Amino acid sequence: MLRLRAVSALLAVVLLSACNDDEVLEQPTPEPPFVEPVAEMIECTQANVIYYGDEGYTEVSDLWKLLLYTDMEIDGAGNPIGPGQIVCLSCNVKLADAPDAANLVGIYTATMSTSDFRPGTFNDGRMQSIDLPGGVVEIPDFSFFGDLAEGQTTFDADLLRDGYCQIQSNDDGTYTVSGIMVGTKYVKRYFTYTGAIEPVDRSEGNQETLPNTNLTGDVVFDGFTQARLQDLGDYFFLQDQSYRMFRLTLADEGVDISGSYPSGDGRFLKLEFFVEWEADVTQGMPVGVYQTCERADNGGIMRSEIVPWRTVPGKPDQFTNPDGSWYQSITSAGEMPEYARLLTGRVSVEDIAGVEGGRRIEVELMDCDTEQPHSVRCVVEMVGTQIRL
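Residues numbered from 1 in each chain as written. Predicted model: local features only at pLDDT ≥ 70, side-chain atom pairs only at ≥ 80, totals over all residues. Heavy atoms only, no water.

J.: Quick question: what am I supposed to make of a nonpolar patch on the surface here?
T.: Where nonpolar side chains cluster on the molecular surface, the patch consists of Ile130, Val137 and Ile139 and spans about 190 Å² of accessible area. Position of valine 137 relative to the elements: it lies in strand β10 (residues 135-141). (Patch = residues over 30% accessible without salt bridge, like charges linked within 9 Å, V, L, I, M, F, W, Y side chains within 5 Å. Areas by Shrake-Rupley, 256 points an atom, 1.4 Å probe, with all protein chains shown as cover. Salt bridge = Lys/Arg side-chain N within 4 Å of Asp/Glu carboxyl O. Helix = DSSP H or I, 4+ residues; strand = E, 2+ residues; numbered from the N terminus.)

Written out as structure tokens, the structure is:
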């Protein structure tokens, strides 16, 4: 009440002062500080439409992605080559059993939040990290706009966050996609496309994934000169002292394995094992036979598989800092000429007669190629945590 009275009193003083002025000053009409440019209409001539189904198990909507391009050439990897423009729309569409383009018809507006999957909404653009053999790259995903310079396939993405798009069916069996959207660059993007829509089905069971091995034949290693054996303890934080995890890295002379991830030039083999809780890493690998455990498709490991005397398979789609067992050949230029996620097989560890703490380690593992898997083999001798040369 006191604050309201104070404001009222102040307002009265101002009004009284204005009434007592003998001369009223005319205020000039200010000129607009800027003239909004007429937005360019992006007329797309090509469309690539992908159906993902209910990828996130939302039980609310299916995920569709519409990539619309102006007239551009496409390279062997499917990337448009500038000059030109691209509009990508990530739409939440009513649930269906099949990728029928007719289900796309409607108007799509911005979601209320990242957990809003209602049909008739589009998903905000955002940057995603992709782990590739050449390193981690950042790429735009969901809804975005790109302007490609001549001869280029990359661009500085405008991540679309507001506006709308509309999809209409035409009498000749084609579709018209149009809209006005605004992103992180605060520029209106007017766009249109009229033509065929032929969905590519990448729903569950039809996903395209990057191969996790590029081996073309069996690999037999010799000449490893370095080893590093680490105790990672209760890696999965079970807190029941039922296991501990050891990591063994074997490498060529030109590879630095002292850091969190190998670097340099050469080959290395990274293996992870579940051993007994009482194992002492300073005594070397515990003697025994380690069979590979099973990983789920998403890379997880069932609790029943986290037990001693298991080799941990490689986790899928991790190249720059892989979990589990992997073979990689690397260069100081950041290239990865060879790589393989190791999935099945066994590792045998035996005592070396007459050598205290000596171990003979034989690796017999297979890569993850489902059609023609290749073997990765090596035999090394170690004393404690060091290679026996």
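Picking up after the structure, the text goes on.
J.: Just checking my understanding: could you explain the confidence of the model for the chain for this structure?
T.: Segments scoring low in pLDDT should not have their predicted coordinates read at a detailed level. A residue-level look at the chain finds 88% of positions with pLDDT of 70 or above and a mean pLDDT of 87. Predicted confidence is poor over residues 1-25, with pLDDT under 50, and the contacts of this stretch with residues over four places away or in other chains come to 0 contacts. (pLDDT = per-residue confidence, 0-100. Contact = heavy atoms within 4.5 Å.)

J.: Hey, could you run me through the pairing of strand β26 (residues 358-367) in this one?
T.: On a regular strand, one side chain projects to one face of the sheet and the next to the other, so that they alternate. With 9 bridges connecting them, strand β25 (residues 338-351) and β26 associate as antiparallel partners. Following the sheet pairing, serine 348 is matched in β26 by glutamate 362. Between the end of β25 and the start of β26, which pair antiparallel, lie 6 residues, with glycine 354 showing a positive phi angle near 80°. In this structure, β26 lies alongside strand β27 (residues 375-383), joined through 9 bridges in antiparallel fashion. (Pairing = 2+ DSSP bridges.)

J.: Is there a simple way to think about the environment of threonine 174 in this case?
T.: Its location among the elements puts threonine 174 in the loop between β12 (158-169) and β13 (175-183). Using a relative accessible area of 17% as the deciding quantity, one classes threonine 174 as buried. The spatial distance from the C-alpha of threonine 174 to the C-alpha of isoleucine 197 is 6.9 Å, given a sequence separation of 23 residues. The contact partners of threonine 174, leaving out residues within four places of it in the chain, are Gln168, Ser169, Thr194, Gly195 and Ala196. For threonine 174, the side chain forms a polar contact with the side chain of aspartate 172, separated by 2.6 Å. (Buried < 20%, exposed > 50% of the residue type's maximum accessible area, 1.4 Å probe, protein only. Polar contact = N/O pair within 3.5 Å; in protein donor to acceptor, adjacent residues only side chain to side chain.)

J.: Help me understand the pairing of strand β22 (residues 288-292), please; the structure alone is not making it clear to me.
T.: Inspection of the sheet shows β22 paired to β25 by 4 bridges, in the antiparallel sense. From the neighbouring strand, tyrosine 290 faces β25, where its bridge partner is valine 347. Relative to strand β23 (residues 310-311), β22 is paired through 2 bridges, and the arrangement is parallel. Within the sheet, the bridge partner assigned to threonine 292 lies in β23 and is threonine 311.

J.: Just to check I follow, could you spell out the nonpolar core for this structure?
T.: One finds Leu248, Leu250, Leu269, Phe273, Met285, Ile361 and Val363 to be the most contacted residues of the largest nonpolar core, which totals 30 residues. Every element with two or more residues in this core is listed here: β16 (219-221), β17 (226-233), β18 (244-251), β21 (266-275), β25, β26 and β27. Phenylalanine 273 has contacts with Arg244, Met245, Phe246, Leu248, Met285, Tyr290, Arg310, Thr311, Val312 and Val347, leaving out every residue within four places of it along the chain. One finds Ala101, Leu104, Met181 and Ile197 within the second-largest nonpolar core, a separate group that totals 26 residues. (Core = buried A, V, L, I, M, F, W, Y, C linked by side-chain atoms within 4.5 Å.)

J.: Would you mind showing me how to read unusual backbone geometry here?
T.: Backbone phi values are negative for most residues with the exception of glycine, while trans is the configuration of most peptide bonds. Of note, the bond from glycine 82 into proline 83 is cis; its omega dihedral lies within 30 degrees of zero at 15°. Along the chain, proline 83 turns up in the loop between β5 (80-81) and β6 (84-94). Positive phi values are uncommon outside glycine, yet glutamine 239 reaches one of about 60°. Turning to its location among the elements, glutamine 239 is positioned in the loop between β17 and β18. The backbone phi angle of tryptophan 309 is positive, close to 70°, even though this residue is not glycine. Tracing the sequence through the fold places tryptophan 309 in the loop between β22 and β23.

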